[in-house]
Amino acid sequence: MIVPLLWLAGALVLPISWFVVHFGALTHAPVEVALASGAGICGAAFLLSWATEVAQLDIPRALAIVFLALLAVLPEYAVDVYFAWRAGKDPTYTAYATANMTGGNRLLIGVGWAAAVFALWVRHRQREVQLPREQAVEVNYLALATAYSFVLPIKGTLSLVDSAILFLIFLAYMRAAARSHREEPVLEGPAELIARLGRSGRRVATGALALLATAAIFTAAEPFAESLIATGRRFGIEEFLLVQWLAPLVSESPEFVVAILFALRGSAAASIGTLISSAVNQWTLLVGALPAAFALSHGSLAVMHLDGRQREEVFLTSAQSVFALVVIANFTFSRLEAAVLLALFVPQLFLTTPEGRWIHAGVYLLLALGVIVVNPSARAGVRMLLPRRRR
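Each residue is numbered by its place in its chain's sequence as written, counting from 1. Two thresholds apply to this predicted model, a pLDDT of at least 70 for residue-level local features and 80 or more for giving and counting side-chain atom pairs, whereas whole-chain, interface and lining totals are computed over all residues. In computing side-chain properties, one takes all heavy atoms of the structure into account and sets aside hydrogens as well as water.

**Focus on the environment of Val 161**
Step number 1: Only DSSP runs of H or I covering at least 4 residues are called helices, and only runs of E covering at least 2 are called strands; the numbering of each starts at the N terminus. Its place among the elements puts Val 161 in helix α8 (residues 160–178).
Step number 2: Residues Val 161 and Ile 229 lie 68 residues apart in sequence; the distance between their C-alpha atoms is 32 Å.

Following this line, the structure appears as C-alpha cells:
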C-alpha cells in the first residue's frame with residue numbers, strides 16, 4: 001500500500017502548497033501564480049476523484065457522481081458568478097459572464113467527452129463505450145436543460161424567472177439521482193486505502209478530502225484565471241476570447257482530470273457520467289446562478305441583457321449540446337463519434353464573425369438531424385428522451 005499512500009500524499013501536497021503561496025502572499029507574478037494555483041486545482045481534482053469513489057459505498061453511484069461534478073465545477077461557478085456580480089455594477093461584464101459559461105460548456109463536451117473515450121481506447125482498447133441504462137438520469141436531464149437553453153437566446157435576457165426554472169430542473173435531477181440503484185464499487189489505489197479505515201473513518205476522511213479540495217478549487221480558480229488573462233493580454237488577444245477559452249480551460253481541468261482517471265481505470269460509466277452530470281450542472285445551476293448574482297449585486301429585479309454576440313454564442317452552445325445528446329441517446333459512444341465531436345469543436349476557436357457562429361450552429365443541428373435519420377438506434381434513443389416516453 002506504499003504506492004497508493006505516495007499518490008495520496010502527493011495529491012495533498014499540491015493544494016496545501018497553493019494555500020501557502022496564496023495566504024502567505026509569496027508571489028504576485030502572473031506566471032508563478034498560474035503555476036501554483038494550477039497545481040492546487042490539479043491536486044484537488046485527484047482528491048475529489050478518490051473521495052467520490054469511496055462515497056459510492058454509502059450513497060447511490062449516480063448521486064455520488066452528481067456531487068463530484070458539482071464540486072468539480074466550483075471553479076467555473078466562482079469565476080462566472082464573479083463576472084455576473086460585477087455585471088450588476090458594470091454592464092460590460094455581462095459579456096464576460098456569458099463568454100465564460102459558453103466556453104466552459106463547449107470545452108466540456110467538445111474536448112472532455114472526446115478525451116474520455118480516447119483514454120478508454122488507449123488504455124483498454126475499447127472501440128466503443130457502452131453506457132449503462134441507469135445513465136438515463138443524466139441524459140434525460142441534460143436533454144431537458146438543453147431544450148430550455150434555446151429560450152435564452154430567443155428572448156435575449158437572463159432573469160430571475162430563468163433562475164427559478166433552472167434551479168427546479170437541477171433539484172429534480174438531484175432527486176432522481178438519489179433514487180437510483182446503488183451498486184457496490186470496485187475500489188483500488190488511494191480510494192481502497194481510504195475505504196479500509198472503516199465506515200466512520202472513511203466518512204470522516206472523505207469529508208475532509210472533499211472540503212480541502214473544494215477550498216483549493218474555490219481559492220485558486222479566480223487567481224488562476226486572472227493570471228492567465230494577464231499573461232495572454234501581452235499578446236494582444238481579444239479579452240472576450242481570453243475569458244471564453246483560457247479561464248474555462250483552467251476551471252474545467254478538474255472535470256477533465258477526474259473523468260480521464262476514471263477512464264484509465266476502465267470505468268466508462270463513471271467517466272462519461274461525470275462529464276454528462278457536469279454538463280447538466282452547468283446548464284442548470286451555473287446558468288441559473290448568473291441572473292441571481294446579477295440581481296443581487298444590482299439591488300433590484302433587473303435582468304441581464306444579452307447582446308447579439310452573446311445570443312449567438314449561447315445558441316451555438318445549445319446546438320452543440322443537441323448534437324452530443326443525439327450521439328449518446330442510444331447509450332453508446334464510439335471513437336468515431338468522439339473524433340467528430342472534437343473536430344467540430346476546433347473551428348469554434350477561430351469563429352470571429354456572426355455568420356460563422358450561426359453557420360456552425362446550423363452544422364451541429366443538421367448533423368444531429370442526419371444521425372437521427374440514418375441511425376435507427378439513435379432514432380430510438382431520441383424517442384426515449386421525449387417527454388411522452390418518460391411518463
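There's plenty left to go through after this.
**Things to note about the nonpolar core**
Step number 1: The term nonpolar core refers to a set of buried residues drawn from Ala, Val, Leu, Ile, Met, Phe, Trp, Tyr and Cys, joined through side-chain atoms within 4.5 Å. Buried, partly exposed and exposed residues are distinguished by accessible area as a fraction of the type maximum, computed with a 1.4 Å probe on protein chains only: under 20%, between the cut-offs, and over 50%, respectively. Counting residues in each nonpolar core, the largest one holds 88 residues, and the members touching the most others are Trp 113, Val 129, Leu 142, Ile 272 and Phe 333.
Step number 2: In terms of residue count, the dominant contributor to this core is helix α5 (residues 93–124) (15 residues).
Step number 3: Here, two residues are considered to be in contact whenever any of their heavy atoms come within 4.5 Å of each other. Aside from chain neighbours lying at most four places away, what touches Phe 333 is Trp 113, Val 117, Glu 128, Val 129, Ile 272, Val 327, Ile 328, Ala 338 and Leu 341.
Step number 4: Counting 31 residues, the second largest nonpolar core, distinct from the first, contains Trp 18, Leu 47, Leu 193 and Leu 261.

**A word on the packing of α8 against helix α13 (residues 268–298)**
Step number 1: Relative to each other, α8 and α13 sit at 150°, their axes nearing to 8 Å. Accordingly, the angle class assigned to the pair α8 and α13 is roughly antiparallel. With respect to the hand of their crossing, α8 and α13 are arranged in left-handed fashion. Only Ser 277, Val 280, Asn 281, Trp 283, Thr 284, Leu 285, Val 287, Gly 288, Ala 289, Pro 291, Ala 292 and Ala 295 of α13 make contact with α8, whose side of the interface consists of Leu 160, Ser 163, Leu 166, Phe 167, Ile 169, Phe 170 and Tyr 173. Note on geometry: axes are C-alpha line fits, over the in-contact stretch for helices, and angles between N-to-C directions span 0 to 180 degrees. To sort the angles, those under 35 degrees are grouped as roughly parallel, those over 145 as roughly antiparallel, those from 65 to 115 as roughly perpendicular, and the leftovers as oblique. By convention the crossing between two helices is left-handed if the near helix lies anticlockwise of the far one by an angle smaller than a right angle, and right-handed if it lies clockwise.

**Concerning the pattern of salt bridges**
Step number 1: Salt bridges are defined as contacts in which a side-chain nitrogen from Lys or Arg sits within 4 Å of a carboxyl oxygen from Asp or Glu. Throughout the structure, instances matching the rule amount to six salt bridges.
Step number 2: A salt bridge links Glu 313 to Arg 309; its shortest N-O distance comes to 3.7 Å. Residue Glu 313 and its partner Arg 309 are both found in helix α14 (residues 308–328); the two are separated by four residues, about one turn of the helix.
Step number 3: Notably, a salt bridge pairs Glu 313 with Arg 357, separated by 3.9 Å at the nearest N-O pair. In this pair, Glu 313 is assigned in helix α14 and Arg 357 in helix α16 (residues 354–374), connecting sequence segments 44 residues apart.
Step number 4: Taken together, the shared-partner salt bridges in this structure form one network comprising Arg 106, Arg 309, Glu 312, Glu 313 and Arg 357.

**Here we look at the environment of Glu 128**
Step number 1: Looking at the element boundaries, Glu 128 is found in strand β1 (residues 128–130).
Step number 2: With sequence-adjacent residues up to four places away left out, Glu 128 is seen in contact with Thr 332, Phe 333 and Ser 334.

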